[in-house]
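# A closer look at the structure
Residues per chain, in single letters:
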Amino acid sequence: MIETDILIIGAGPTGLFTVFEAGLLKLRCHIIDALPNIGGQLTELYPKKPIFDIPGYPTVQAGELVQNLHEQIKQFEPGFTLNEIAQTIDKQEDGTFIVTTDKGTRHHAKAVAIAAGLGSFEPRKPQIENISDYEEKGVEYFVKNPEQFRGKKVLIAGGGDSALDWSIFLADIAAEVTLVHRRNEFRGALDSVEKVQALKNEGKINLITPAEITGIKGDGKVESLVIEQEGTVFDKSVDYFIPLFGLTPKLGPIANWGLEIEKNAIKVNNALDYQTNVEGIYAIGDINTYPGKLKLILCGFHEATLMCQSIYNRVNPGKKYVLKYTTVGGVQGFDGTVKEAEKAVVKSIE
Amino acid sequence: MSDVKITIIDREGNKHEVEAPTDMSMNLMEVIRAYELAPEGTIGTCGGMAMCASCQVYVLNENQPLPEMGDEEEAMLSEAFNVKENSRLGCQLAITEDLEGLEVEIAPEY
Ligand SMILES: Cc1cc2nc3c(=O)[nH]c(=O)nc-3n(C[C@H](O)[C@H](O)[C@H](O)COP(=O)(O)OP(=O)(O)OC[C@H]3O[C@@H](n4cnc5c(N)ncnc54)[C@H](O)[C@@H]3O)c2cc1C
Ligand code: FES
């Protein structure tokens with residue numbers, strides 16, 4: 001079991017910055033995220049977009065901000081459980097919490113900070129009636145282990161970068177790769193589109209456009225797909241169907257944790273410390289709501305700071321925390337070393 | 001500059017006549033959000049970058065002058081679900097005087 005002071009759900013900017021504010025108060029953090037990479041919306045939706053409203057940065061690229069946040073928190077050595085969804089939460093008799101992920105990883109913490117943003121990103125599933133019957137029985141929304149497809153007949157659907165990239169990658173591994181897209185044009189890096197064209201010319205990728213998958217057939221596992229192409233309908237035998245239509249955020253399991261929810265967001269006590277209706281569970285950043293809430297990175301940072309003060313009092317009852325500016329005391333890692341702010345040059349006046 | 005009147009049918013089939021300002025550089029997705037015609041978190045997920053299609057609408061009047069579809073919008077609509085001939089992305093429709101009298105229906109959530 002992973003032990004920590006604050007368990008943070010969500011590795012977006014709010015979750016990441018929490019580690020820093022908690023670290024100043026000598027509280028340890030562990031972060032869970034459903035995605036394999038940290039950064040939340042900044043990494044997933046707009047890594048190359050410039051942001052203009054982070055104090056002190058006239059402009060900063062979203063991806064760069066995430067890198068800097070990561071750099072800033074390294075000294076507090078947060079733990080990460082990535083690629084796993086926080087699924088259940090159990091409050092213990094002593095007021096601590098156990099959070100378990102969809103893969104069964106258990107985390108024990110004194111407080112839980114939900115920084116889950118828009119929720120967890122889930123694959124957008126095509127509207128094929130019986131598709132859920134075949135999930136993990138030939139229908140795969142992610143390519144986790146390419147070796148799984150070695151020597152198999154694979155059909156990929158979609159028109160974006162991941163559909164192109166995986167078609168190219170699997171062309172060397174699978175026995176047969178078919179790419180189906182609703183249009184003749186693909187939206188992706190020019191280089192990838194050209195590679196797919198070349199592989200098609202070599203006969204290594206079958207391209208079926210403009211077309212759609214409208215049905216799945218098979219006895220207990222995918223055996224063939226129904227394809228509709230400009231009015232004609234035909235079956236194609238395949239071993240695997242990989243629909244790649246991007247990700248969509250869903251509030252997910254958090255919706256079932258007994259927290260007060262309003263308009264897809266968790267209600268918190270904003271006058272005080274961003275605590276939810278369950279003592280010890282906080283919600284900060286885009287996931288929370290209160291009168292006047294603004295969904296901005298800056299606001300998430302502010303909420304994280306106030307929340308950490310409250311958690312400090314919860315973890316250290318009776319101890320009074322005195323606010324010290326980091327420029328005065330420097331930043332102390334858990335090893336006790338002081339990462340001091342550089343002193344200005346002092347020059348004697350003659 | 002004045003406001004324009006737009007009719008929006010929400011996902012429950014209710015009709016709303018709203019006034020949208022032409023001088024605040026808003027787009028139709030933002031108008032729908034501002035009037036709370038779709039639940040928070042179900043529209044405008046990508047922040048208006050033509051990347052999520054959560055703001056898809058069906059344009060109901062035939063002769064409405066509308067801006068041409070850009071490559072991004074066209075590409076997103078080619079991948080989105082529930083797309084019809086009259087589909088547009090709300091975030092790509094800037095509120096201008098041309099939109100006076102526009103009638104749209106918000107596409108189902110996906
Ligand atoms: C296109 C666009 C442009 C933007 N531009 C700006 C801007 O210029 N300035 C600004 O201040 N803001 C901007 N924003 C808003 C900003 O991105 C958000 O306010 C910010 O990302 C919120 O951070 P967060 O950490 O609260 O949540 P998120 O960034 O959404 O991160 C939440 C994380 O939690 C994870 N998660 C959710 N549920 C679970 C679960 N059950 N288990 C495990 N993990 C889970 C998710 O996978 C995700 O990684 C923009 C947003 C968009 C879409
Ligand atoms: S808001 Fe995402 S496509 Fe319009």
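That block above? That's the structure.
Below is a summary of the structure that appears in this document.

One finds A:Ile6, A:Ile51 and A:Ile114 to be the most contacted residues of the largest nonpolar core, which totals 65 residues. At eight residues, the largest contribution of residues to this core is made by helix α6 (residues 297–315) of chain A. Setting aside residues no more than four positions away along its own chain, A:Ile6 makes contact with A:Ala22, A:Leu27, A:Arg28, A:Cys29, A:His30, A:Ala109, A:Ala111, A:Ala113, A:Cys308 and A:Ile311. Within the second largest apolar cluster, 29 residues are counted, among which are B:Val4, B:Val57, B:Leu77 and B:Ile95.

Next up on the list: the site of ligand 1. Close to ligand 1 lie 38 residues; A:Asp33, A:Gln41, A:Tyr46, A:Ala86 and A:Asp286 are nearest. Mapping the residues adjacent to ligand 1 onto the chains of the assembly identifies chains A and B. Between ligand 1 and A:Tyr46, the relevant distance is 2.6 Å, taken from an oxygen atom to a side-chain nitrogen or oxygen of the residue. Summarising the interface, the protein chains cover 94% of the accessible area of ligand 1, which totals 1000 Å² for the free molecule. Of all the elements in the fold, those that place two or more residues in the shell around ligand 1 are α1 (13–24), β2 (29–33), α2 (40–44) and β9 (120–123) of chain A. Residues belonging to the shell around ligand 1 are distributed by class as follows: 21 nonpolar, 11 polar and six charged.

Another aspect to go through is the packing of helix α4 (residues 161–171) of chain A against helix α5 (residues 190–201) of chain A. Between two packed helices, both the angle of their axes relative to each other and the distance between the axes serve to describe the pair. Residue and element names in this part refer to chain A. Two elements in contact, α4 and α5, have axes separated by 10 Å at closest approach and are oriented at 40 degrees. For the element pair α4 / α5, the angle class is oblique. As for how α4 packs across α5, the hand of that crossing is left-handed. Between α4 and α5, the contacting residues are Asp 161, Leu 164, Asp 165, Ile 168 and Ala 171 on the first element and Ser 192, Val 193, Lys 195, Val 196 and Leu 199 on the second. Grouping the constituent residues of the contact of α4 with α5 by class yields six nonpolar, one polar and three charged.

Chain B puts 23 residues into the contact, and the matching count from chain A is 22 residues. Together, the buried faces of chain B and chain A total about 2000 Å²; carbon and sulfur atoms form 47% of this surface. The largest contributions to the chain B side of the interface with chain A come from B:Glu79, B:Phe81 and B:Tyr110, which together make up 34% of the buried area. Where chain B packs against chain A, one counts three salt bridges. A salt bridge links B:Glu40 to A:Lys295, with the shortest nitrogen-to-oxygen separation between them at 3.2 Å. Across the contact surface, chain B and chain A share eight residue pairs in polar contact (both at pLDDT 80 or more). Here the side of chain B that touches chain A is composed, by residue class, of 13 nonpolar, five polar and five charged.

Among the structural elements, B:Leu77 can be located in helix α2 (residues 71–79). Taking the C-alpha atoms as reference points, B:Leu77 and B:Ser87, 10 residues apart in sequence, are found 7.6 Å from one another. Look past the residues within four positions of B:Leu77 in its chain and what remains in contact with it is A:Arg182, B:Gln56, B:Met69, B:Val83, B:Ser87, B:Arg88 and B:Leu89.

Take α6(A) next. The end-to-end C-alpha separation of α6(A) is 27 Å, in line with the 27 Å expected for 19 residues at 1.5 Å each. For α6(A), every residue scored as buried is listed here: A:Ile297, A:Cys299, A:Gly300, A:Phe301, A:Glu303, A:Ala304, A:Met307, A:Cys308, A:Ser310, A:Ile311, A:Tyr312 and A:Val315.

What follows concerns the sheet that holds strand β18 (residues 261–262) of chain A. Residues and elements named next belong to chain A. What the three strands build is an open sheet, ordered β18-β19-β21; its pairing is mixed. At either end of the open sheet lies a strand with only one pairing partner, and these are β18 and β21 (288–289). Looking at chain direction, β18 and strand β19 (residues 265–267) are connected through two bridges and run antiparallel. Each residue of the ladder has a partner; that of Glu 262, found in β19, is Ala 265.

Here the focus is the pattern of salt bridges. Residue and element names in this part refer to chain A. In the structure shown here, the tally under the stated rule is 20 salt bridges over all chains. A salt bridge links Glu 135 to Lys 125; the shortest N-O distance between them is 3.3 Å. Placement of the pair is Glu 135 in the loop between β9 and β10 (153–157) and Lys 125 in the loop between β9 and β10, with a sequence separation of 10 residues. By relative accessible area, Lys 125 is classed as partly exposed at 32%.

So, on to the packing of aromatic side chains. All names here are of chain A. This model, assessed by the stated rule, comprises eight aromatic pairs over all chains. Each ring, one from Phe 17 and one from Phe 20, has its centre 5.9 Å from the other, and the planes form 25 degrees; the classification is stacked. Of this pair, Phe 17 and Phe 20 both sit in helix α1, separated by three residues, roughly a single helical turn. Look at Phe 17 and you get buried, because its relative accessible area is 12%. Aromatic pair Phe 20 and Phe 76: ring centres 5.8 Å apart, planes at 65 degrees, arrangement edge-to-face.

What counts as what
Residue numbers here run from 1 along each chain, matching the order of that chain's written sequence. Naming scheme: in the order in which they are written, chains are lettered from A and ligands are numbered from 1. It should be noted that, the model being predicted, local features are given only for residues of pLDDT at least 70 and side-chain atom pairs only at 80 or more, the latter also being counted only at that level, while totals for whole chains, interfaces and linings use all residues. As a rule here, side-chain values cover all heavy atoms of the structure and leave hydrogens and water aside. As used in this record, nonpolar core signifies buried Ala, Val, Leu, Ile, Met, Phe, Trp, Tyr and Cys residues forming a set joined through side-chain atoms within 4.5 Å. Using a 1.4 Å probe on the protein chains alone, a residue whose accessible area is under 20% of its type maximum counts as buried, one over 50% counts as exposed, and one in between counts as partly exposed. Each helix is a run of DSSP H or I of at least 4 residues and each strand a run of E of at least 2, with the numbering of both proceeding from the N terminus. In what follows, a contact means two residues having at least one pair of non-hydrogen atoms within 4.5 Å. The rule for a residue being near a molecule or strand is that one of its heavy atoms must lie within 4 Å of it. Polar contacts, as counted here, are pairs of nitrogen or oxygen atoms within 3.5 Å of one another; within protein the pair requires one atom able to donate a hydrogen and one able to accept it, and residues that are adjacent in sequence qualify only if both atoms are side-chain atoms. For accessible areas, the Shrake-Rupley method is used with a probe of radius 1.4 Å. Any residue's cover is judged against the shown protein chains and nothing else. Here the nonpolar group is Ala, Val, Leu, Ile, Met, Phe, Trp, Tyr, Cys and Pro; Asp, Glu, Lys and Arg are the charged ones; every other residue, Gly included, is treated as polar. As a rule, the C-alpha atoms of each element are fitted with a line to give its axis, helices using only the stretch in contact, and angles between N-to-C directions run from 0 to 180 degrees. By definition in this entry, angles of less than 35 degrees are roughly parallel, angles greater than 145 are roughly antiparallel, angles of 65 to 115 are roughly perpendicular, and the rest are oblique. Crossing chirality is assigned from the near helix's rotation relative to the far helix, an anticlockwise turn below a right angle marking it left-handed and a clockwise turn marking it right-handed. Note: buried area is the sum, over both parts, of the accessible area (probe 1.4 Å) each one loses when the two are combined. The salt bridge criterion pairs a side-chain nitrogen of Lys or Arg with a carboxyl oxygen of Asp or Glu, the two atoms within 4 Å. The span you would expect from a helix comes to 1.5 Å times its residue count less one. The pairing criterion for strands is at least two bridges between them, as found by DSSP. Centres within 6.5 Å are what make two rings of Phe, Tyr or Trp a pair, Trp counting through its six-membered ring; a difference in plane orientation under 30 degrees is then read as stacked, over 60 as edge-to-face, and the rest as tilted.

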